Amino acid sequence: MPTSLVLERQGELSLREIELRGDLGPSDVRIAIRTVGVCGSDVHYYTHGKIGPFVVNEPMVLGHEASGVVTEVGGQVSHLKVGDRVCMEPGIPDSASRAAKLGIYNVDPAVTFWATPPVHGCLTPEVVHPAAYTYRLPDNVSFAEGAMVEPFAIGMQAALRARIQPGDIALVTGAGPIGMMTALAALAGGCAKVYVSDLAQPKLDIIGAYPGIETINIRNTPAAEAIAQATDGWGADVVFECSGAAPAILGLPQLARPGGTIVLVGMPVDPVPFDIVGLQAKELRVETVFRYANVYDRAISLIASGKVDLKPLISLTVPFADSIAAFDRAAEGRETDVKIQIEMPAE
Ligand code: ZN
């Protein structure tokens with residue numbers, strides 16, 4: 001049995017052998033994992049032992065942002081072959097479900113998702129995955145970028161839900177990794193300019209280095225004031241809420257222009273108040289995002305085209321043998337760290 005990164009219980013990680021699914025179905029592929037990104041959710045399971053209703057009750061392999069190489073294909077797989085470099089969607093819906101038939105497989109009640117208890121993740125040398133949720137990487141997209149497709153897909157889903165029109169001005173509240181991904185997707189989706197607001201200057205410096213993105217440090221200027229100044233008092237066409245912070249959510253109607261759009265991306269830990277009359281008074285459209293559906297191909301195309309460069313967001317790469325240290329570093333939440341990645345030893 002190969003060694004995996006196992007979350008034994010809240011606060012305890014180990015690198016050890018654990019029994020995982022190994023049987024290859026006719027529509028599956030076997031993949032040697034190469035790169036895995038450490039996500040806030042992985043870290044939260046480590047530090048808190050649960051997210052909402054999902055509780056770590058038994059040892060679980062972490063990781064869901066992965067790329068790798070196909071090593072075996074099932075008999076019915078035609079679009080992938082051994083040796084293909086790929087990345088994977090971590091959520092597997094029931095393809096016969098009503099949600100899947102509607103194309104909204106991300107909200108299929110039966111979906112299973114890597115490293116969401118009790119489902120094991122991909123910080124392990126090898127996984128078996130449905131070929132339908134496995135995507136070939138173009139030659140000019142690295143394994144590191146391939147492992148960034150998963151978090152970028154959330155930004156893509158947000159940009160699609162916003163129904164951006166060319167020349168829109170957007171505001172992203174919260175410069176965490178998902179806020180950054182959303183800002184880049186909004187820019188690639190046609191926004192003329194994207195403002196990003198946060199309290200942490202190091203984070204703003206990282207995302208503000210991209211042309212087309214301007215930053216607002218809300219320690220100095222409230223977001224509403226800064227966006228009013230930038231738009232002659234009109235407001236942003238689209239506001240992407242990526243902080244999950246209660247005050248930011250309550251203040252959303254002040255940020256959008258009349259008839260504008262608010263996309264709720266960040267997930268508050270507890271229920272928070274929402275200013276309904278504020279939304280009504282501007283007839284704002286509110287959209288929500290839960291993971292993503294049908295965006296991987298688009299995300300990979302944008303990365304391959306060079307229109308979206310995620311490489312500057314990879315702050316640190318560590319070998320698999322040092323994964324526990326990588327998680328401890330991620331749990332520190334350094335403001336200069338965006339994405340920490342773990343690399344499997346190459347064959
Ligand atoms: Zn993630």
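You'll find the structure just up there.
Each value, and the rule that gives it
For every chain, the first residue of its written sequence is number 1, and the numbers climb from 1 along that sequence. This being a predicted model, a pLDDT of at least 70 is required before a residue's local features are given, and a value of 80 or more before pairs of side-chain atoms are given or counted; all residues contribute to the totals for chains, interfaces and linings. The side-chain numbers reported here are obtained from all heavy atoms of the structure, hydrogens and water having been left aside. Helix axes are fitted to C-alpha atoms over the stretch in contact, other axes to C-alpha atoms as well, and angles between N-to-C directions run from 0 to 180 degrees. Runs of H or I in DSSP of at least four residues are treated as helices and runs of E of at least two as strands, each being numbered from the N terminus. Working definition: roughly parallel below 35 degrees, roughly antiparallel above 145 degrees, roughly perpendicular at 65 to 115 degrees, and oblique for all remaining angles. Take the far helix as your reference; a near helix turned counterclockwise from it by less than a right angle gives a left-handed crossing, and one turned clockwise gives a right-handed crossing. Any two residues having at least one pair of non-hydrogen atoms within 4.5 Å are treated as being in contact. The nonpolar class holds Ala, Val, Leu, Ile, Met, Phe, Trp, Tyr, Cys and Pro. Asp, Glu, Lys and Arg form the charged class, and all remaining residues, Gly among them, are polar. Two aromatic rings, drawn from Phe, Tyr or Trp (for Trp, its six-membered ring), form a pair once their centres lie within 6.5 Å of each other, and the interplanar angle then sorts them: stacked below 30 degrees, edge-to-face above 60, tilted otherwise. Two limits define a charge over a ring: the Lys NZ or Arg CZ must be within 6 Å of the ring centre, and within 35 degrees of the ring normal. Joining through side-chain atoms within 4.5 Å is the link that ties buried Ala, Val, Leu, Ile, Met, Phe, Trp, Tyr and Cys residues into a set, and such a set is a nonpolar core. Throughout this description, buried means an accessible area under 20% of the type-specific maximum (1.4 Å probe, protein chains only), exposed means over 50%, and partly exposed covers the range between. Throughout, the edges of the domains are those of an automatic or database domain assignment. A pair of strands is labelled paired if DSSP reports no fewer than 2 bridges between them.

Draft legend 1. Broad picture of the packing of helix α4 (residues 149–162) against helix α5 (residues 177–188). Relative orientation of the contacting elements α4 and α5 amounts to 55 degrees, with a least axis distance of 8 Å. Viewed along their axes, α4 and α5 adopt a mutual orientation that is oblique. Relative to α5, the crossing made by α4 is right-handed. For the pair formed by α4 and α5, the contact residues are Pro-151, Phe-152, Ile-154, Gly-155, Met-156, Ala-158 and Ala-159 on the first element and Ile-178, Met-181, Thr-182, Leu-184, Ala-185 and Ala-186 on the second. The residue inventory of the contact of α4 with α5, partitioned by class, reads 11 nonpolar, two polar and no charged.

Draft legend 2. Region of the structure containing the packing of aromatic side chains. Tallied over the entire structure, the rule returns four aromatic pairs. When the centroid spacing of 5.0 Å and the interplanar angle of 40 degrees are considered together, the rings of Tyr-135 and Tyr-296 count as tilted. Highlighted residues: Tyr-135 in strand β12 (residues 134–136) and Tyr-296 in helix α11 (residues 296–305), separated in sequence by 161 residues. Between the aromatic rings of Tyr-292 and Tyr-296, the centroid separation amounts to 5.7 Å while the plane-to-plane angle is 45 degrees, which identifies the pairing as tilted. Over the ring of Phe-143 we find Arg-85; its NZ or CZ atom is 4.6 Å from the centre of that ring.

Draft legend 3. Expanded view of the nonpolar core. Within the largest apolar cluster, 53 residues are counted, with the highest numbers of intra-cluster contacts made by Phe-152, Val-194, Val-196, Phe-240, Leu-310 and Leu-313. Contributing elements (two or more residues each) for this core: α4, β13 (169–173), α5, β14 (193–198), α6 (201–208), β16 (236–241) and α11. The biggest single contributor to this core is α4, with eight residues. Residues lining this core come from more than one domain, with at least three contributed by each of domain 1 (3–148 + 310–343) and domain 2 (154–288). Of all hydrophobic cores here, the second largest spans 37 residues; its members include Val-6, Leu-7, Val-29 and Ala-115.

Draft legend 4. Main features of the environment of Gly-103. Turning to its location among the elements, Gly-103 is positioned in the loop between α2 (98–102) and β10 (112–113). Sequence separation between Gly-103 and Asn-294 is 191 residues, and the spatial gap between their C-alpha atoms is 7.7 Å. Contact partners of Gly-103, with chain neighbours within four places excluded, come to Ala-293 and Asn-294.

Draft legend 5. Representation of the sheet that holds strand β18 (residues 285–288) within the structure. The six strands lie next to each other as β15-β14-β13-β16-β17-β18, forming an open sheet whose pairing is parallel. Both outer strands of the open sheet, β15 (213–217) and β18, are each paired with one neighbouring strand and no more. Taken pair by pair, the neighbouring strands of this sheet meet at an average axis angle of 20 degrees, ignoring direction. Note: β16 against strand β17 (residues 256–264), five bridges, orientation parallel. Among the inter-strand pairings, Glu-241 is bridged to a residue of β17, identified as Leu-264. Along the sheet, α5 contacts β13, β14, β15 and β16; its crossing angle with β14, the most-contacted strand, is approximately 170 degrees.

Shape is all these values report; function is a separate question.
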